[in-house]
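Examination of the molecular architecture
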Amino acid sequence: CVCVCVWRLFSSVAQGRFLWACLFTLHVRHCTVVANAQDKRLAHNYVKPLVALDPSYQTITMYTALLEELGLDNELCEQFRMLFELIVDDPRIVGEDPTEVAFHLKAWLLALRRQGLRDEASRVFFTMKKALGSELVPFDDPFHLPRYFERGLQAKPVWSMDDIPELVIMETNWATVLGELKTFLQNQPGSTWNLEGDEELVATEGSDGTRGWSEAKLFEHGKFVGVADQFPATCALIRQLPSVVDLIKGAAVSGQVTFLRLAPGASLKAHAGAANSRLTAHLGLITPGVAQETSVGGSGPSFRVLAEGTTKIKNATCSLPP
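First, a word on scope: everything that follows refers to the structure included in this document. (Residues numbered from 1 in each chain as written. Predicted model: local features only at pLDDT ≥ 70, side-chain atom pairs only at ≥ 80, totals over all residues. Heavy atoms only, no water.)

**A word on the overall build of the chain**
From N to C terminus, the chain includes eleven helices and twelve strands. A burial count over the chain gives 43% of its 322 residues as buried. Residue pairs in contact within the chain that sit at least 24 positions apart in sequence constitute 64% of those at least 6 positions apart. A total accessible area of about 17100 Å² is found for the chain, and carbon and sulfur atoms account for 54% of it. (Helix = DSSP H or I, 4+ residues; strand = E, 2+ residues; numbered from the N terminus. Buried < 20%, exposed > 50% of the residue type's maximum accessible area, 1.4 Å probe, protein only. Contact = heavy atoms within 4.5 Å. Areas by Shrake-Rupley, 256 points an atom, 1.4 Å probe, with all protein chains shown as cover.)

Dropping the structure here:
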C-alpha cells in the first residue's frame, strides 16, 4: 500500500526532483523492511521501475544497496556498470568522499566473482584503474580491495607468525581459550551469539536451522566489551597483544577480538575488509575433523583454515573467494 501511494504521488510531480529523492529514500527503506520480513522479490519489483525513471548517481547507489541485500548479483553488476559510466564521465559526482569510488568498485568486483566471473572482474578493475587513476583507485591488484587505503604498507595476502610474533602467545595458550569457550557454550543460550553487520556475507544458513554466521565480541574500540567478563584468562592473554590493545599517536588501535561461529552447512560469499591497515588472525578452536583449504586473493596462496590450535593471518582487504 505504501509503495502504491509513493508511485502515484511521484507520477503527479513531473519536475519535483527534491521530492523524488526524498520519496525514493523512504521507498527503499520501506522495501528493505518488507524484504527482511516478507518477500524480497516483491520489494525488488516495486523499486526497479522507480530507478528506471531517474537513473542518477544518487538513485542507483541506493538501489545497489538494496540489490546487495537481496543477493541479486546479476542485476547488481548491471547497475554498477551504469554507475561507473556516470563516475567516469564526471568523477566529481561522488561528492566530497573519494573513497566512495573504491567502495562501489569493491562491491562490483565481488558481485562478479560470486557469479564465477573472475576474468571479467579483473578486466573491470584494470579498465576502471586506467579510466579513473590512482587517486580514486589507489590499490594495484583486483583482489586487494580496501576502501580506506593507507599508502606505503606492504600488501601481501597471507602473513606468517614470524611477521607478528606476539600472536604466538594465543596459539601457545589455545587450550585455555578453548576451555573458557566450552564453559561459555554450556552456560549461555544461543541468543548470546549475534552479528552486527555483514549479514549479507552469508551465502547459506546453517543446516540445523541456526544463524549461519554469528559472533560473540570480547574487545573493540580500545575496550573490553560484550561477553569479555566471562573470559578472564582469554582477556589476560589479549592484554599482552600490543597490536590489538595499545595506542598509536594517542589513539586506540582499531583492534578487535571476537569469537566467530559458522554453523554446520553454512557458507560465506566472497568478501573483503574495508581498510588495508588491518590484518586478521584466525585461531581455530572447534573445527571439523578434516581441514579444508581456502585461498586469499584469488589464485594466490592457500592455507588450511580449520585446524584446531593453529593461527593463520591474512590481509583483511584481500578478497576471499566463495
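More follows now that the structure is in view.
**Focus: the packing of aromatic side chains**
Taken as a whole, this structure holds seven aromatic pairs when the rule is applied. Taking 5.8 Å as the distance between ring centres and 20° as the angle between the ring planes, the aromatic pair formed by F125 and F139 counts as stacked. You can see F125 sitting in helix 7 (residues 118-132) and its partner F139 sitting in the loop between helix 7 and strand 1 (158-159), a full 14 residues away along the chain. Judged by relative accessible area, F139 falls into the buried class, the value being 1%. One aromatic cluster is present, built from ring pairs that chain together F80, F84 and W108. (Phe/Tyr/Trp six-rings, centres within 6.5 Å; stacked < 30°, edge-to-face > 60°.)

**What about helix 5 (residues 73-89)?**
Across its 17 residues, helix 5 extends 24 Å between first and last C-alpha, which sits within 8% of the 24 Å expected from 1.5 Å per residue. All buried positions along helix 5 are accounted for by D73, E75, L76, C77, Q79, F80, L83, F84 and I87. (Expected span 1.5 Å × (residues − 1).)

**So, the packing of helix 5 against helix 6 (residues 99-114)**
Here helix 5 crosses helix 6 at 145°, and the two axes come no closer than 9 Å. As for how helix 5 packs across helix 6, the hand of that crossing is left-handed. Contact residues: helix 5 offers D73, L76, C77, F80, R81, L83, F84 and I87, while helix 6 offers V101, H104, L105, A107, W108, A111, L112 and R114. Class assignment of the residues belonging to the contact of helix 5 with helix 6 gives a composition of twelve nonpolar, one polar and three charged. (Axes fitted to C-alpha atoms, helices over the stretch in contact; angles between N-to-C directions. Left-handed = near helix turned anticlockwise from the far one by under 90°. Nonpolar A, V, L, I, M, F, W, Y, C, P; charged D, E, K, R; others polar.)

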